[in-house]
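Here's the letter readout for the chains.
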Amino acid sequence: MADTAKSTGAAAGAAGTGSAAQPGPKQPWVGTFVGLVCALLCTFTAVGMVIPVVPRLVTGELGGSAFEVGVTFAVSGVTALLVRPYAGRLAQQYGCRKVMMLGALVITMVAGVYALPLGLAGLWTGRFLLGLGEALLFMAGSLWTVGLAPQDRRAQIVGFYGLAMWTGFAVGPILGEVVYRAGSFTAVWIAVAVLPAVAFAVVCLLTDRIARGAQVSAKLLPRAAVLPGVSLLCGSFGYGVLVSFGALAMTARDIADGSVLVSAFGAAYVTVRVLAGRIPDRVGALRVVLISALVEAAGLALIAFAPSLWVAALGALIAGGGFTLLYPALALITIDAAPENERGAALGAVTSFFDIGVGVAGLLGGVLAEFSYTAVLAAASVAALGSLLAGRTAAARARA
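Fair warning: this is a prediction, and the values are worked out from it, not measured in the lab. (Residues numbered from 1 in each chain as written. Predicted model: local features only at pLDDT ≥ 70, side-chain atom pairs only at ≥ 80, totals over all residues. Heavy atoms only, no water.)

### Observations regarding the overall build of the protein chain
Of the regular secondary structure elements, the protein chain holds 16 helices and 2 strands. Put simply, 85% of the contacts in the protein chain that link residues at least 6 apart link residues at least 24 apart. Here the protein chain has roughly 14,900 Å² of accessible surface; of this, 68% comes from carbon and sulfur atoms. (Helix = DSSP H or I, 4+ residues; strand = E, 2+ residues; numbered from the N terminus. Contact = heavy atoms within 4.5 Å. Areas by Shrake-Rupley, 256 points an atom, 1.4 Å probe, with all protein chains shown as cover.)

### Things to note about unusual backbone geometry
Residue Asp-254 is not a glycine yet carries a positive backbone phi of 65°. Along the chain, Asp-254 falls in the loop between helix H9 (223-252) and helix H10 (260-276). With a phi angle near 60°, Asp-257 is a residue other than glycine that sits in the positive phi range. Structurally, the position occupied by Asp-257 is in the loop between H9 and H10.

### Notes on the pattern of salt bridges
In total, this model carries 3 salt bridges according to the counting rule given. Glu-177 is paired through a salt bridge with Arg-56; the nearest N and O atoms lie 2.6 Å apart. Placement of Glu-177 in helix H7 (residues 154-182) and of Arg-56 in helix H3 (residues 53-61) is noted, with a sequence separation of 121 residues between them. Asp-257 is the partner of Arg-181 in a salt bridge, and the nearest nitrogen-oxygen pair spans 3.8 Å. In this pair, Arg-181 sits in helix H7 while Asp-257 sits in the loop between H9 and H10, placing the two residues 76 residues apart along the sequence. On the accessibility criterion, Arg-181 (58% relative accessible area) is exposed. Connected via shared salt-bridge partners are Arg-56, Glu-177, Arg-181 and Asp-257. (Salt bridge = Lys/Arg side-chain N within 4 Å of Asp/Glu carboxyl O. Buried < 20%, exposed > 50% of the residue type's maximum accessible area, 1.4 Å probe, protein only.)

### Description of the side chain of Thr-79
In this fold, Thr-79 is placed in helix H4 (residues 66-94). When its relative accessible area of 8% is taken as the criterion, Thr-79 is described as buried. From its side chain, Thr-79 meets the backbone oxygen of Val-75 in a polar contact 2.8 Å long. In this structure, Thr-79 is in contact with Phe-128, Gly-131 and Leu-132, ignoring residues within four places of it in sequence. (Polar contact = N/O pair within 3.5 Å; in protein donor to acceptor, adjacent residues only side chain to side chain.)

### Quick word on the packing of H3 against helix H8 (residues 185-204)
Two elements in contact, H3 and H8, have axes separated by 12 Å at closest approach and are oriented at 140°. Between H3 and H8, the angle falls in the class oblique. Here H3 and H8 pass one another in a crossing that is left-handed. Contact residues: H3 offers Val-53, Arg-56, Leu-57 and Glu-61, while H8 offers Phe-185, Val-188 and Trp-189. A breakdown of the residues in the contact of H3 with H8 according to their chemical character gives 5 nonpolar, no polar and 2 charged. (Axes fitted to C-alpha atoms, helices over the stretch in contact; angles between N-to-C directions. Parallel < 35°, antiparallel > 145°, perpendicular 65-115°, else oblique. Left-handed = near helix turned anticlockwise from the far one by under 90°. Nonpolar A, V, L, I, M, F, W, Y, C, P; charged D, E, K, R; others polar.)

### Re the state of the cysteines
In the structure shown here, the tally under the stated rule is 0 disulfides. The thiol of Cys-38 is unpaired, and the distance to the nearest cysteine sulfur, on Cys-42, comes to 6.8 Å. (Disulfide = S-S within 2.5 Å.)

### Some thoughts on the packing of H9 against helix H12 (residues 285-304)
Between H9 and H12, the shortest axis-to-axis distance is 11 Å and the interhelical angle comes to 20°. As far as their axial angle goes, H12 and H9 are roughly parallel. Once H9 is placed against H12, the crossing between them reads as left-handed. Residue-level inspection shows Ser-231, Gly-235, Gly-238, Tyr-239, Leu-242 and Met-250 of H9 in contact with H12, the latter providing Val-289, Glu-296, Leu-300 and Ile-303. By residue class, the composition of the contact of H9 with H12 is 6 nonpolar, 3 polar and 1 charged.

In structure tokens:
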């Protein structure tokens, strides 16, 4: 339990509104946070369900190529990238609850677009709407979470919020595979519509007590967000490659059940975040960034040259365990470096770099995949090492 003055005061600093906290009775911030986690979990489980289905739809039903699979995944990432900074500003100005509800509503509509017989153009339209809804819901929830979290537990609470997304990504592909095999594409689309509708209902029941006001940064890319963002981009490139091409790489080697790699990555991500979520708060963000980059790179390299599914799955576990603490560590660096009136915009901008990494992975990976899936995964391993330099420089600037 935390009193309203403490929670909203943290929110004003994190969101950069400049509004003073309003005194009031004690509020159960933990209950609100649990609601946010449930909403995010439902939404990203729906997002994860289509991961094993989309490649089948593109290459099988629609006659597309590996490059078009990459484009399909990249569309949502690029859209979210462009929308996230605006989503953060909307949440600061009009309230996190309203923006989250709008995002959930948009994602609910995506399933209907998937079901329409509009070919690749229709599928890409659905992915565009998905990126829009994801950006609105995730960014508003992120700012809400930062506002709720006690300062000495900020990295841990932000990390737990992110766990909901990654749990959805871990469970979603398995659930999507089960539903598809038991039913059809239509059965998957129905499930994908129901889950964000549940998220919408949950957010409707929450009360947004985070202070907001007119003093919102007009910058879409504050300086404090650039280097942490580049570091996150390098790490998320590997995730984007794994999602888009991991299963296809296994199929090319005559290895079945390659979709397990995404679930293994997500499971490791969730486990390490739960067990080690406070490490950035305790040992410092820079150390976490350096270790995360090295571990993720090692895991991706193992997948690149894996001769069997179990070796590739081990690589996915290692990569997921390495990547998991990168975002909360970089979020701490960003919050420390940004002026108060830019913190909300800076956090949104850093999060957008995740989408850049996934989008670039889809496009560049699609080109490389036409020649070799091993080359795609090896490139992802090298890119993960880029987090080292960018993260170290960002931490030095934050200290300065």
